[in-house]
Amino acid sequence: VMNDIITTMFNKKFMEELFKPQDLYSKKALRTVYDRLAHASIMRLNQASMDKLYDLMTMAFKYQVLLCPRPRDVMLVTFNHLDAIKDFISDSPGILNQVDETFRRLIETYNCLSDGEFQLIRQTLLIFFQDMHIRVSLFLKDKVQNSNGHFVLPISGPVPWGTEVPGLIRIFNHKGVEVKRAEFTTAGNYVTPQREGSFELYGDRVLKLGTNMYSVTRPVETHMSGSSKTLASQAKENIAPNPLAKEELNFLARLLGGLDIQKPAGGDTGFRLNLFTTDEEEEHAAQTRPEELSYKVISIEATQEPGRRAELSRILGELEVEEPRPGSAEKGEDLLALMDGL
């Protein structure tokens with residue numbers, strides 16, 4: 001399952017489209033892509049579990065971007081993600097090569113950017129997530145998230161690389177010569193970082209954001225806070241016709257239109273992943289989720305136009321993965337353990 005999902009995620013055509021200069025995806029477009037990637041194997045999730053998985057993913061990523069010591073460290077978070085993915089597929093050289101190729105493209109594209117450009121990237125990502133305040137039990141237990149879904153910024157620990165520990169004020173004259181110093185007491189316990197994280201293909205990233213959050217096994221739940229329900233109802237996504245919507249859907253059709261997962265032979269439809277304790281809890285979550293936060297799956301049918309049929313067939317050929325092997329009854333439990341590793 002992990003091999004199928006990672007193979008599809010790092011498909012060459014898909015990566016080429018992602019690296020093209022473009023505006024940030026809308027929330028609906030991102031959710032559509034995420035749905036297709038999550039179902040790129042024999043694993044299946046119903047709507048409630050899919051919503052829960054998406055909420056967990058978005059809040060974890062928001063937390064990682066928000067707590068980056070400096071904007072450039074967004075790259076280190078991404079490298080931590082890719083390092084973890086490479087561990088999943090260490091025994092599959094073909095897939096590993098796909099991930100390494102994406103790694104090289106990231107380094108080539110982003111390592112040359114200035115700090116100001118990274119600040120713009122970070123600010124753009126945070127604006128995208130600013131209205132999402134979903135509580136995650138893991139963050140609540142670690143006291144990095146308040147009961148209203150807002151994250152807590154630390155006032156202790158290492159300062160960003162290249163900066164000094166706060167506590168000293170320097171006063172300069174009009175010639176730029178230091179003439180006076182004053183010290184002040186800080187509320188936090190700051191320390192100077194020992195070294196900068198590696199921005200190379202291999203190396204110590206130093207930064208822990210983006211690494212496995214589940215080093216200790218514990219249940220994870222997502223709950224909608226009261227404030228976020230109010231926010232969601234007050235700030236519904238604009239449903240007015242968007243002049244770019246047609247082009248965006250055409251793009252998704254080209255990107256994902258041919259990605260149909262074939263059912264295994266013999267009537268076996270694989271297994272279903274339930275992110276809740278019981279089926280009843282899953283059904284209840286689906287019924288109680290606010291309508292404003294429910295995502296409707298967009299079905300794209302782009303094969304009617306004769307001109308596109310050959311193109312979609314070519315893309316489908318590139319996205320095909322090996323036929324999944326029938327597994328034992330314990331596969332569901334193994335997958336849950338793998339998902340925890342994300």
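Quick note: structure is the one above.
For clarity, every value in this text was computed on a predicted model and none was experimentally measured. (Residues numbered from 1 in each chain as written. Predicted model: local features only at pLDDT ≥ 70, side-chain atom pairs only at ≥ 80, totals over all residues. Heavy atoms only, no water.)

### Some remarks on unusual backbone geometry
Of note, the phi angle at K143 is positive, near 60°, even though the residue is not glycine. With respect to the secondary-structure elements, K143 resides in the loop between helix 8 (137-141) and strand 3 (157-158). The backbone of V206 shows a phi angle near 65°, a positive value even though the residue is not glycine. If you trace the backbone, V206 turns up in the loop between strand 6 (190-191) and strand 7 (222-224). (Helix = DSSP H or I, 4+ residues; strand = E, 2+ residues; numbered from the N terminus.)

### Observations regarding the environment of M9
Locating M9 in the fold gives a position in helix 1 (residues 2-9). Looking at M9, the relative accessible area reads 25%, which means it is partly exposed. When the C-alpha atoms of M9 and V33 are compared, they prove to be 9.8 Å apart, with 24 residues separating the residues in sequence. With residues near it in sequence (within four places) discarded, M9 still touches F14, M15 and L37. (Buried < 20%, exposed > 50% of the residue type's maximum accessible area, 1.4 Å probe, protein only. Contact = heavy atoms within 4.5 Å.)

### Notes on the pairing of strand 4 (residues 168-172)
Examined bridge by bridge, strand 4 and strand 5 (residues 178-183) share 5 bridges and lie antiparallel to one another. Counterpart to F172 in the pairing with strand 5 is E178. (Pairing = 2+ DSSP bridges.)

### Let's talk about the pattern of salt bridges
Applying the stated criterion across every chain yields a total of 14 salt bridges. A salt bridge links D100 to K86, with the shortest nitrogen-to-oxygen separation between them at 3.0 Å. Residue D100 is located in helix 6 (residues 93-110), and its partner K86 is located in helix 5 (residues 74-88); the two are separated by 14 residues in the primary sequence. Under the relative-accessibility criterion, K86 is labelled buried at 10%. Several salt bridges share partner residues, and in doing so they unite E164, R170, E178 and R181 into one network. (Salt bridge = Lys/Arg side-chain N within 4 Å of Asp/Glu carboxyl O.)

### So, helix 3 (residues 27-38)
Between the first and last C-alpha of helix 3 there are 16 Å, a value that for 12 residues agrees with the 16 Å anticipated at 1.5 Å per step. Among all positions of helix 3, only A29, R31, T32, V33, Y34, D35, L37 and A38 are buried. (Expected span 1.5 Å × (residues − 1).)

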